[in-house]
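Commentary on secondary and tertiary structure
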Amino acid sequence: MFQKLPSFQTLSHLAKHPLDMASVLTPERIEKMAIRGVGFRLLYGTEKVDGAGLAALFSLAKEAHAMEKMGAMQRGEVINRIEGFESENRSVLHTAMRDQFEQRQCAPAASRAAGMAARELEKLNTFLQAIEGKFTDLIQIGIGGSDLGPRSLAVALQPFHRPGCRVHFISNVDPDDANGVLSLLDLKKTLVVVVSKSGTTLETLTNEEFVRARMVKMGIDPKTRFIAVTGEKSPMDNPSRYLASFYIWDFVGGRYSATSMVGGVMLGFALGFPGFKEILRGAHDMDHHALTAKPEENLPLLSALLGIWNRTFLLYPTLAIIPYSQALLRFPAHLQQLDMESNGKRIDQTGHPVSYSTGPVVWGEPGTNGQHSFYQLIHQGTDIVPLEFIGFQQSQYGHDLKIQGTTSQEKLLSNLFAQSLALALGQKNGNPNKVFPGNRPNRILLAEKLTPYTLGALLSYYENKVAFQGFIWGINSFDQEGVQLGKLLANKMIALFAGKKGDFPLGEAYLNIP
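A brief report on the enclosed structure follows. (Residues numbered from 1 in each chain as written. Predicted model: local features only at pLDDT ≥ 70, side-chain atom pairs only at ≥ 80, totals over all residues. Heavy atoms only, no water.)

**Digging into the packing of aromatic side chains**
Put simply, the rule is: Stacked, edge-to-face and tilted are the three classes for Phe, Tyr and Trp ring pairs, Trp counted by its six-membered ring, which pair at centre distances within 6.5 Å; planes under 30 degrees apart are stacked, over 60 edge-to-face, the rest tilted. In this scheme, a residue with accessible area under 20% of its type's maximum is buried, one over 50% is exposed, and one in between is partly exposed, where area comes from a 1.4 Å probe on protein chains only. To sit over a ring, a charge needs its Lys NZ or Arg CZ within 6 Å of the ring centre and within 35 degrees of the ring normal.
With the rule as written, the count across this model stands at 15 aromatic pairs. Here the aromatic rings of Phe-471 and Phe-478 are separated by 6.4 Å at their centres, their planes lie at 50°, and the arrangement is tilted. Using a relative accessible area of 8% as the deciding quantity, one classes Phe-471 as buried. Within the aromatic cluster, the residues linked to one another by ring pairs are Phe-2, Phe-8, Trp-309, Phe-313 and Tyr-356. Over the ring of Tyr-242 we find Arg-212; its NZ or CZ atom is 5.2 Å from the centre of that ring.

**Considerations on the sheet that holds strand S9 (residues 244-248)**
Going by this rule: DSSP calls a pair of strands paired once it identifies at least 2 bridges connecting them. Secondary structure elements follow DSSP: runs of H or I of four or more residues count as helices, runs of E of two or more count as strands, with numbering from the N terminus. Note on geometry: axes are C-alpha line fits, over the in-contact stretch for helices, and angles between N-to-C directions span 0 to 180 degrees. Two residues form a contact once any of their heavy atoms are found within 4.5 Å.
Strand order in the open sheet made by the five strands is S6-S5-S7-S8-S9, with parallel pairing throughout. Each edge of the open sheet is held by one strand with a lone partner, namely strand S6 (166-170) and S9. On average, adjacent strands in this sheet sit at an angle of 20° to one another, irrespective of strand direction. Both strand S7 (residues 190-196) and strand S8 (residues 226-231) contribute to a ladder of five bridges, which runs parallel. The partner of Val-195 across the bridge, within S8, is Val-229. Together, S7, S8 and S9 form the strand contacts of helix H5 (residues 108-131), whose direction differs from that of S9 by roughly 155°. Where helix H7 (residues 175-182) meets the sheet, it contacts strand S5 (137-141) and S6, and its direction lies at approximately 165° from that of S6.

**With respect to empty space enclosed by the protein**
How we decide: Only protein atoms enter the 1 Å grid used here, on which a cavity is any set of points holding a 1.4 Å probe that cannot leave and a pocket is any open set flanked by protein within 12 Å on both sides along at least five of seven lines; residues with an atom within 4 Å of a point are listed as lining. Grid points are joined across faces, edges and corners, and a volume is the space filled by probe spheres set on the points. Any residue that is not Ala, Val, Leu, Ile, Met, Phe, Trp, Tyr, Cys, Pro, Asp, Glu, Lys or Arg is counted as polar, Gly included; the first ten are nonpolar and the last four charged.
Per the stated rule, a full pass over the model turns up three cavities of 30 Å³ or more. Its boundaries defined by the atoms lining it, the largest cavity holds a volume of some 100 Å³. Surrounding the largest cavity, 14 residues form its lining, Gly-307, Asn-310, Arg-311, Leu-319 and Pro-360 being those nearest its centre. Elements represented by at least two residues in the lining of the largest cavity include exactly helix H11 (299-313), strand S10 (318-323) and helix H15 (452-473). Class assignment of the residues belonging to the lining of the largest cavity gives a composition of five nonpolar, four polar and five charged. Around the second largest cavity, the lining residues are Met-97, Ala-117, Glu-120, Leu-121, Tyr-247, Trp-249, Thr-259, Ser-260 and Met-261. The residue inventory of the lining of the second largest cavity, partitioned by class, reads six nonpolar, two polar and one charged.

**A look at the sheet that holds strand S12 (residues 387-392)**
The six strands lie next to each other as S1-S2-S13-S12-S10-S11, forming an open sheet whose pairing is mixed. The two strands at the open ends of the sheet, each matched to only one other strand, are strand S1 (34-37) and strand S11 (361-363). Between one strand axis and the next, the sheet turns by 15° as a mean value, whatever way the strands run. The pairing of strand S2 (residues 40-43) with strand S13 (residues 442-447) spans four bridges and is classified as antiparallel.

**A word on the pattern of salt bridges**
For side chains of opposite charge, pairing can occur when their charged atoms come near one another. The criterion, for reference: Every case where a carboxyl oxygen of Asp or Glu lies within 4 Å of a side-chain nitrogen of Lys or Arg is listed as a salt bridge.
Under the defined criterion, the tally for this structure stands at 19 salt bridges. In this structure, Arg-75 engages Glu-77 in a salt bridge whose closest nitrogen and oxygen atoms are separated by 2.7 Å. Since its relative accessible area comes to 37%, Arg-75 is described here as partly exposed. Look at Glu-77 and you get partly exposed, because its relative accessible area is 38%. A salt bridge links Arg-281 to Glu-278; its shortest N-O distance comes to 2.8 Å. Taken together, the residues span about one helical turn, with Arg-281 and Glu-278 both in helix H10 (residues 273-292) at a distance of three residues. Using a relative accessible area of 30% as the deciding quantity, one classes Arg-281 as partly exposed. For Glu-278, a relative accessible area of 28% corresponds to the partly exposed category.

And the structure:
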């Protein structure tokens, strides 16, 4: 039980009198409170924590057996479960999808999963060679984890896309989404990847039929254009309807699936097979770091602990993730699902309600745009919003210009560091409208350049951070029962639509649906 851990009481006591950063923030503190790993630096001197707080947080991780649980996850032990109650009761092995880069002793479950992933990678490489030069565009149809993660990676790596290989996404069952994408394309030169593990996802199958109908209308045989990414033997695992099928498995959750074939087919098309392998290599290296680095030097573990300090002990309800990188435009949306669907839980792994705060509300947009919109509330609002900044020393394209003495990239980074310090230090002024309270926690994750390797490592950093938090809170970060009720009621609503003509029977729905 999380609250019975000895360090819980220590941290609860420390949280009554949290650090005032204005009195301690020095160059020495900033230099000291920084760790490195897998090409990243985590700068956390602007968090509201001191030596005593850090010591208690690391003790908390030890008492919760966080590192041992990370090992259990990566070995493939059954950790997706609620003890004593019906649950998914399965392994969690998204890390095995990228465990292709070194020979090491693996538990049987992890070894089997890595072997399955290797076979799909070989199939993908062969398939990509077979279609080379035949298509200019690819549409990915999926929703949730079948869209958010892959889309965020594709957008982030636009400068690395191969010439003549464009990718597009349809996720919303709103017909305007599909029509907007289809209006841009020559379907005779377009592949369509349909992603659904179960093969039954309502929105995905609806959009698939929408695109199939458009192709038939144009005289194109959909069998020659459609690819399935699905569970083996699902309804979509059907050679009579698909040009090829790639498999995903129950031990890879949707929001953790971007480095499986869920993202692999699309990314392999866009970047080439070597580019996709670089994403996997970066993710693998960060997985290994999360598993083996000392707690005090472990990037995702330290970030997880700081997040627990802010959420559970200082009671800050939200977390803003702000990349100072236009390439990461869609990355906060993926992290929103990753974090909130994983750790938005009100019971622990024994089925008992928790009486402490778990996952925060996650949101974000790229800087510097946010500085001209929501930063007003962050600096001077009544609620304190912790921030995680992401930055890169170099731009992706490498084309820049000095204007008034500095390049655009230097201006971008200057804004990042200035905002971090301004939030921590605040400003005193005789005019109350110009007072900034400061003492607002934030940290910076900094790398040299956003590349396929770096992006893979960044993705893994957040996946492992979220997992560490769940391990310490004692909740199950790998199921998502919260999405099921809405699906069930939506299907009942659809039945009402199908059986009625004219106005939708809203009153009848409210009376009868529950």
